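# Survey of secondary and tertiary structure
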Amino acid sequence: MAALARNYLCVCTRSIDEICWFSIRKYMNWSAISFDWNQVKAFLATAEEGSFSAAARVLNTTQPTISRQIAALEASLSTILVERSVKGQSLTQAGQELLNHVRSMGEAATLISMTADRQSQEVVGNVVLAATDLMSAAILPGILSPLRESAPGITIRIQESDDVQNLMKREADIAIRHARPHEPELIARHVGDLRTNLYAASAYLDREGRPRSLREVADHSFVGIPDSERLITAMQNIGVSLRAESFAIQPHSNIVTWEMVKAGLGVSMMPEVLGELEPGVEKVFADVPSLEFPVWLVTHREFQTSPRIRTVFDFLANQLGKIARSHR
């Protein structure tokens, strides 16, 4: 400890670079580093995601590649880290003990990448944008063209997801969310509110009849949304008594729900920005009040100084804000 303290006291007379190199040269055991970072990354992704296949998806590679990388890591460390069985993969005790150290390496690698982004002043490169499937397929196509003209060096990669964790893990640079995040590492801007209402195909209402009361609305066949319990609660709050039996079809995708509604298979809650512009679709009942949902743009706090991410963030805030204001 005394020797280490003397090293730190040298800060008065040495430059930062000299101190760092002195410490590294004295304390770093270079010969002990015998593994490849890609192998460590494969192990970390498998531990976090729960399987080789899930790790392959988040790392944009294949399951056999993940398996080979972990096997190579195990060989270099002379220990088994992951148990393979017909039920899947699980960490051994050695794997569990290694995991915390590997997580620290992952966090350090993320900070290095973020620092590199802050140093880049060119508005070029990839920006990964996470949004729900409906936002990605139905709203973003109409607003991204001006960005291509103003910043042709930026490539937008769309990730259909509603999970804020993709920002925390740096799987996305910007996310469009409908609830304010509470993680201190994230910053969010409320760009406006969109309205939703009950819509159905005109052909469906011609066939089944247009409701004349809220009670009659509940008698119709509904097309579910991924979280239909939320829809049931929202409808009950305005006097429409839905039950699980009300849903004739239950998709696990908002865009599939929208296509089912347009095809005349039932009623569902959809954004007015879509329903009001779609030929052959209409509001089910004029007395059903519109519901509002917020639109938040979210990014990691460290990304604020990245020119390309800031460009896309500000562009989306402007365009989504215009949409929200135009449909009030």
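Before going into details, it helps to say that this report is about the structure given with it.

## Some thoughts on the packing of aromatic side chains
Applying the stated criterion across every chain yields a total of one aromatic pair. Summarising the aromatic geometry, the rings of Phe222 and Phe247 are spaced 6.3 Å apart at their centres and angled 75 degrees between planes, so their arrangement reads as edge-to-face. Within this pair, whereas Phe222 is found in strand β7 (residues 222-223), its partner Phe247 is found in strand β8 (residues 247-249), the two being separated by 25 residues in sequence. There is no split in this pair, since Phe222 and Phe247 are both buried.

## As for the packing of helix α3 (residues 37-49) against helix α5 (residues 63-77)
Taken N-terminus to C-terminus, the directions of α3 and α5 make an angle of 115 degrees; their axes are 8 Å apart at the nearest point. Looking at the two axes, α3 sits roughly perpendicular to α5. For α3 against α5, the interelement crossing comes out left-handed. Residues Asn38, Gln39, Val40, Ala42, Phe43 and Thr46 of α3 form the contact with α5, whose own contacting residues are Ile66, Gln69, Ile70, Ala72, Leu73 and Ser76. Looking at side-chain class alone, the contact of α3 with α5 contains seven nonpolar, five polar and no charged residues.

## Focus on the nonpolar core
Within the largest apolar cluster, 37 residues are counted, with the highest numbers of intra-cluster contacts made by Ile139, Leu140, Ile174, Ile176, Leu297, Leu316 and Leu320. Those elements that place two or more of their residues in this core are β3 (125-131), α7 (133-139), β5 (174-177), β6 (186-201), α13 (254-262), α14 (272-275), β11 (291-300) and α15 (307-326). Considering every element that reaches this core, the biggest residue donor is α15, with nine residues. Discounting residues that sit within four places of it in the chain, Leu140 has contacts with Leu129, Ala131, Met135, Ile158, Ile176 and Leu316. Grouped together as the second largest cluster of nonpolar side chains are 21 residues, Ile225, Val240, Val284 and Phe285 included.

## Observations regarding the pattern of salt bridges
Evaluation of the coordinates by the stated rule reveals twelve salt bridges. The partner of Glu292 in a salt bridge is Arg195, with the nearest N and O atoms 3.6 Å apart. With Glu292 in strand β11 and Arg195 in strand β6, the pair connects residues that are 97 residues apart, well separated along the chain. One salt bridge in this structure joins Arg207 and Glu208, with 3.3 Å as the shortest N-O distance.

## Quick look at helix α12 (residues 228-237)
Three- or four-residue spacings in an α-helix give side chains the same orientation, since the helix completes a turn every 3.6 residues. Along α12, the residues classified as buried are Ser228, Leu231, Ile232, Ala234 and Met235. Each buried residue of α12 lies within a common arc of 165 degrees when the element is viewed along its axis, so the set occupies one face. Exposed residues on α12 whose side chains face more than 90 degrees from its buried face are Glu229, Arg230 and Asn237. Looking at the buried positions of α12, the neighbouring elements they touch are β6, β8, β9 (268-271) and β11. Two residues or fewer after α12 comes Gly239, characterised by a positive phi angle close to 95 degrees.

## Considerations on the pairing of β3
Counting buried positions over the seven residues of β3 gives five, a clear majority of the element. Pairing of β3 with strand β4 (residues 154-160), which is carried by seven bridges, proceeds in the parallel orientation. Note on β4: the bridge partner recorded for Val128 is Arg157. As paired strands, β3 and β5 are joined by two bridges and run parallel to one another. Residue pairing in the sheet places Ala130 in a bridge with Ala175 of β5.

Quick notes on the rules
Residues numbered from 1 in each chain as written. Predicted model: local features only at pLDDT ≥ 70, side-chain atom pairs only at ≥ 80, totals over all residues. Heavy atoms only, no water. Phe/Tyr/Trp six-rings, centres within 6.5 Å; stacked < 30°, edge-to-face > 60°. Helix = DSSP H or I, 4+ residues; strand = E, 2+ residues; numbered from the N terminus. Buried < 20%, exposed > 50% of the residue type's maximum accessible area, 1.4 Å probe, protein only. Axes fitted to C-alpha atoms, helices over the stretch in contact; angles between N-to-C directions. Parallel < 35°, antiparallel > 145°, perpendicular 65-115°, else oblique. Left-handed = near helix turned anticlockwise from the far one by under 90°. Contact = heavy atoms within 4.5 Å. Nonpolar A, V, L, I, M, F, W, Y, C, P; charged D, E, K, R; others polar. Core = buried A, V, L, I, M, F, W, Y, C linked by side-chain atoms within 4.5 Å. Salt bridge = Lys/Arg side-chain N within 4 Å of Asp/Glu carboxyl O. Arc of directions from axis to C-beta. Pairing = 2+ DSSP bridges.

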